[in-house]
Amino acid sequence: MLRVVLLLSILSFMRVVQSRVDGYQHGKNMCLLQGMCKGDFPCIRNHKPKPVSSGEVNFKEKLAAICPQYKDKPVCCSEDQITAVTSQVPRMKVFIGSCPACYRNTLDMLCLLSCDPDQSSFITVARDNQPESGEHLHATQLQFYFTEVFADRLFDSCKEVKFAGTAALHLICGSECTRQKFYQKLGDNPFTELKIIYDSSGGTPQNI
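First, a word on what this report is: a plain description of the structure on this page. (Residues numbered from 1 in each chain as written. Predicted model: local features only at pLDDT ≥ 70, side-chain atom pairs only at ≥ 80, totals over all residues. Heavy atoms only, no water.)

In this section: helix 2 (residues 57-66). Of the residues making up helix 2, those classed as buried are Phe59, Leu63 and Ile66. Around the axis of helix 2, the buried residues are gathered within 85 degrees of arc, so they sit on the same side. Opposite the packed face of helix 2, turned more than 90 degrees from it, sit the exposed residues Glu61 and Ala65. Against helix 3 (79-96) and helix 4 (100-115) lie the buried residues of helix 2. (Buried < 20%, exposed > 50% of the residue type's maximum accessible area, 1.4 Å probe, protein only. Helix = DSSP H or I, 4+ residues; strand = E, 2+ residues; numbered from the N terminus. Arc of directions from axis to C-beta. Contact = heavy atoms within 4.5 Å.)

Right under this line is the structure:
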């Protein structure tokens, strides 16, 4: 039930970025990222979402297994992005797998960031690389705009999860793990090079 409420909050309350704050087109039915360019960094590709073709069998199967909410929709992600999300699943199951709501909500957020057809309406590129010859431009840091409601529901679904007899969140952001610290640590994940600024400051961000 909590998962359903969280997904509805994404659709109902997420703030929409509608301008070219980072030099790219933002809005509904528009992607900002697709594919993995270098290491953990996603390629910057500003385009319309595309359906997975019938010939991409492996991609379809991975998408249905990890991000089933997007299996029949045009998406912004590629197969290698889903593979990257899948690679995080074993670690997630160790730390938060004892709570299905926390686990699924966290995975849904990763799917949202990677695949949602409205991706560019809630993500901007905070930093990118200076591409060398033959190298595609990629994001090294993203800014993800979401609401207080979304922030509270994800945090609340995970704050009571136990791992090895202690709160799992304490292992992520210390014994005084507040919502703010949780998202800061989530955005500075040591297991991935890509960094994310989680922005739930409320209203429309000043630079938009």
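Our next topic: the sheet that holds strand 7 (residues 195-199). Spatially, 3 strands are ordered 3-4-7 in an open sheet, and the strand pairing comes out mixed. Strand pairing shows two members of the sheet lacking a second neighbour, strand 3 (123-128) and strand 7, which therefore form its edges. With direction set aside, neighbouring strand axes in the sheet form an average angle of 20 degrees. (Pairing = 2+ DSSP bridges. Axes fitted to C-alpha atoms, helices over the stretch in contact; angles between N-to-C directions.)

Within this structure, the stated rule accounts for 8 salt bridges. We note a salt bridge from Arg104 to Asp108, for which the minimum N-O separation is 3.0 Å. Residue Arg104 and its partner Asp108 are located together in helix 4, separated by 4 residues, close to a single helical turn. Take Asp108: its relative accessible area is 2%, and that puts it in the buried class. Residues Arg179 and Glu148 are paired through a salt bridge, measuring 2.7 Å at the closest nitrogen-oxygen approach. Of this pair, Arg179 sits in helix 7 (residues 179-187) while Glu148 sits in helix 5 (residues 148-158); the two residues are 31 residues apart in sequence, bridging distant segments of the chain. Residue classification places Glu148 among the partly exposed residues on the basis of a relative accessible area of 34%. Each of the salt bridges in this network shares a partner with another, and the network as a whole consists of Glu148, Asp152 and Arg179. (Salt bridge = Lys/Arg side-chain N within 4 Å of Asp/Glu carboxyl O.)

Our next topic: the layout of surface pockets. Volume-wise, the largest pocket comes out at about 1,000 Å³. Lining the largest pocket we find 38 residues, and of these Gln88, Leu110, Leu186, Asn189 and Thr192 sit closest to its centre. The greatest single-element share of the lining of the largest pocket, amounting to 9 residues, is contributed by helix 3. Of the residues that constitute the lining of the largest pocket, the class distribution is 26 nonpolar, 8 polar and 4 charged. (1 Å grid on protein atoms, 1.4 Å probe; cavity = no way out; pocket = protein on both sides within 12 Å on 5 of 7 lines; lining within 4 Å. Points joined across faces, edges and corners; volume = space filled by probe spheres on them. Nonpolar A, V, L, I, M, F, W, Y, C, P; charged D, E, K, R; others polar.)

In short, geometric facts, not functional conclusions.
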